[in-house]
Amino acid sequence: MKDKLPFSSYLAIGLMLFALFFGAGNLIFPAQLGQYSGTNLGPAVLGFLITGVGLPLLGILAMGYSGSRNLQQLAGRVHPIYGIIFTSLLYLTIGPFFAAPRTGTVAFEVGIAPFVNEGFQQSGLLIFSIFFFAAALFISLYPAKMVDNVGKILAPGLVILLAVLLLAALINPMDSLASAQEAYQSGAFMTGFLEGYNTMDALASLVFGIIVINIIRSMGITSKGEILAATAKSGIIAIALLGVIYVGTAYLGATSIAALGLFDTGGPVLSGAASYYFGIVGSVMLAVVIILACLTTAIGLITANAEYFHTLFPKISYKLLVVFFSVLTFIVANFGLENIITFSVPVLMLLYPLAIVLMLLAFLSSLFNHARVVYAATITVTFAISFFDGLKALCDSLGIAYFNWMNPIISFYEEILPLYDEGLGWLLPALLAILLTGLVARWQKSDAAQEA
């Protein structure tokens, strides 16, 4: 048994956690935010950092503090069925529905698209994704240390390449900050806050947190307090690296419009900047590293989904699930990066509030004696609001009017809920639900103790 670990261990775990978090979304969304926020870059990045960096750290700490063996056990405090449904949705979201397909589309947009004629982009994506996800399928079927070893080389390599690119942008910016686009002309902070959802790192942190905790335990740390402290120190190292890359990439995007133009996604910003500063050699190097890095991420997400759903359905073999999720991911990827991002927003508007509230409950649980009624009431209140936020986002994505039955409820929420127009209408009701039901739970226990 150990009381604490040396700094080298915290650094190693922190770098591993950074590599787990660092995927396609961590590259494209800060670049896109920079392009669109322009002169309002400061407040936009601050909002993005809260959800893109702060919430993932909170999620990791929540898993360490809760003492749960996995996410399903923690979410199961609401109800066992809810634990399965929420965990399944989270895995599917960071897996074949959105994050895993995004690895293929980002790899194509950054690595291949700059070398393909505009008229062949869709067919180019199809051909590339066939090879990309075939490789992911093969390696996921026969997982070996090769993936881990390649990841250990690629993660530092990608960080070094990005550091050189971002340093060049800082020393010799392509232009001054561009004017803010409409979405960021007012309320840049809240727009950036909601954009941070797109990284999906807060959702992933509820899965990655268990990996970190298990590694810390394997190093001989058994005290809950020391596990939490080690988790916090390792997590801070990981999120500090992410934060630096986010700020630098956002600045790169904000100064790129005059030289590169305004893009719908952040992928072309990175490839364009590499070509601008380092020519064809820079573009090729960035392409190779990002394609391989995205491939290792895709493999990790496919295997994680196959392993989790194999525990739910043990009669379905792991290999069959790998094939299923690889094919599903390939199909979704060919809808294109812009469509994947667009249709992920409604799901994230639904899931993120539920995930954030679950993190808060994990920290506060001992105050209300872990009473299920507090978990159930708070999640129910949050879902009643985030469900309509998701529906609104879906209608906006499809470009259709809200359904008639939604309008009275939305109008009611707009009138009574603070911060509803900013996407945080669920926050105060959730806190009130925790407070009121928590007091009831403590009062009931106090009465029971007196009767005994």
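Data block above holds the structure.
Because the structure is a prediction, the values reported are computed rather than measured.

Okay, the overall build of the protein next. When helices and strands are tallied, the protein shows 19 helices and 0 strands. Relative to its length of 452 residues, the protein is compact, with a C-alpha radius of gyration of 22 Å against a globular reference of 22 Å. The burial tally for the protein puts 52% of its 452 residues in the buried class. In the protein, 80% of the contacts between residues at least 6 apart in sequence involve partners at least 24 apart. With the model as given, the accessible surface of the protein reaches about 19,700 Å², and the carbon-plus-sulfur share is 70%. Averaging the locations of the 16 positively and 20 negatively charged side chains of the protein gives two centres separated by 22 Å.

We now examine the packing of helix α5 (residues 80-97) against helix α15 (residues 318-333). As a packed pair, α5 and α15 sit with axes 9 Å apart at the nearest point and diverge in direction by 65 degrees. Judged on the interaxial angle alone, α15 and α5 are roughly perpendicular. Contact with α5, carried on its side by Leu92, Pro96 and Phe97, involves Phe325, Leu328, Thr329 and Val332 of α15 and no other residues of that element. A breakdown of the residues in the contact of α5 with α15 according to their chemical character gives 6 nonpolar, 1 polar and no charged.

Approximately 1,000 Å³ is the volume found for the second largest pocket. Every residue lining the second largest pocket is counted, 30 residues in all, and those nearest its centre are Thr191, Leu194, Glu195, Asn198 and Val345. Of all the secondary-structure elements, those providing two or more residues to the lining of the second largest pocket are α2 (25-37), α9 (182-185), α10 (188-195), α16 (337-364) and α17 (372-398). Looking at the lining of the second largest pocket, the element that brings in the most residues is α16, giving 6 residues.

Residues Glu414, Glu415, Asp421 and Glu422 make up a contiguous surface patch of negative charge. The residue Asp421 is located in the loop between α18 (407-416) and α19 (427-451) in this model. Residue Asp421 is classed as exposed on the basis of its relative accessible area, which comes to 63%.

One broad trend across soluble globular proteins is that nonpolar side chains are buried collectively. Grouped together as the largest cluster of nonpolar side chains are 144 residues, with contacts concentrated most on Phe86, Tyr197 and Leu252. Of the residues forming this core, the biggest block, 18 residues, is contributed by helix α14 (residues 267-312). Ignoring any residue separated from it by four or fewer positions in sequence, one finds Leu252 in contact with Leu165, Leu166, Ala169, Met174, Leu270, Ala273 and Tyr277.

Turning to the packing of aromatic side chains, a few remarks are in order. Tallying each qualifying case throughout the model produces 25 aromatic pairs. Consider the rings of Phe48 and Tyr246, whose centres lie 5.1 Å apart with planes at 90 degrees: the pair is edge-to-face. In this pair, Phe48 is assigned in helix α3 (residues 41-66) and Tyr246 in helix α12 (residues 224-254), connecting sequence segments 198 residues apart. For Phe48, a relative accessible area of 2% puts it in the buried group. An angle of 45 degrees between the planes, with centres 6.2 Å apart, marks the rings of Phe412 and Tyr413 as tilted. We classify Phe412 as partly exposed; its relative accessible area is 45%.

Reading guide: rules and limits
Residues numbered from 1 in each chain as written. Predicted model: local features only at pLDDT ≥ 70, side-chain atom pairs only at ≥ 80, totals over all residues. Heavy atoms only, no water. Helix = DSSP H or I, 4+ residues; strand = E, 2+ residues; numbered from the N terminus. Rg over C-alpha atoms; globule rule 2.2 N^0.38 Å. Buried < 20%, exposed > 50% of the residue type's maximum accessible area, 1.4 Å probe, protein only. Contact = heavy atoms within 4.5 Å. Areas by Shrake-Rupley, 256 points an atom, 1.4 Å probe, with all protein chains shown as cover. Lys, Arg positive; Asp, Glu negative; His and termini not counted. Charge placed at Lys NZ, Arg CZ, Asp CG, Glu CD. Axes fitted to C-alpha atoms, helices over the stretch in contact; angles between N-to-C directions. Parallel < 35°, antiparallel > 145°, perpendicular 65-115°, else oblique. Nonpolar A, V, L, I, M, F, W, Y, C, P; charged D, E, K, R; others polar. 1 Å grid on protein atoms, 1.4 Å probe; cavity = no way out; pocket = protein on both sides within 12 Å on 5 of 7 lines; lining within 4 Å. Points joined across faces, edges and corners; volume = space filled by probe spheres on them. Patch = residues over 30% accessible without salt bridge, like charges linked within 9 Å, V, L, I, M, F, W, Y side chains within 5 Å. Salt bridge = Lys/Arg side-chain N within 4 Å of Asp/Glu carboxyl O. Core = buried A, V, L, I, M, F, W, Y, C linked by side-chain atoms within 4.5 Å. Phe/Tyr/Trp six-rings, centres within 6.5 Å; stacked < 30°, edge-to-face > 60°.

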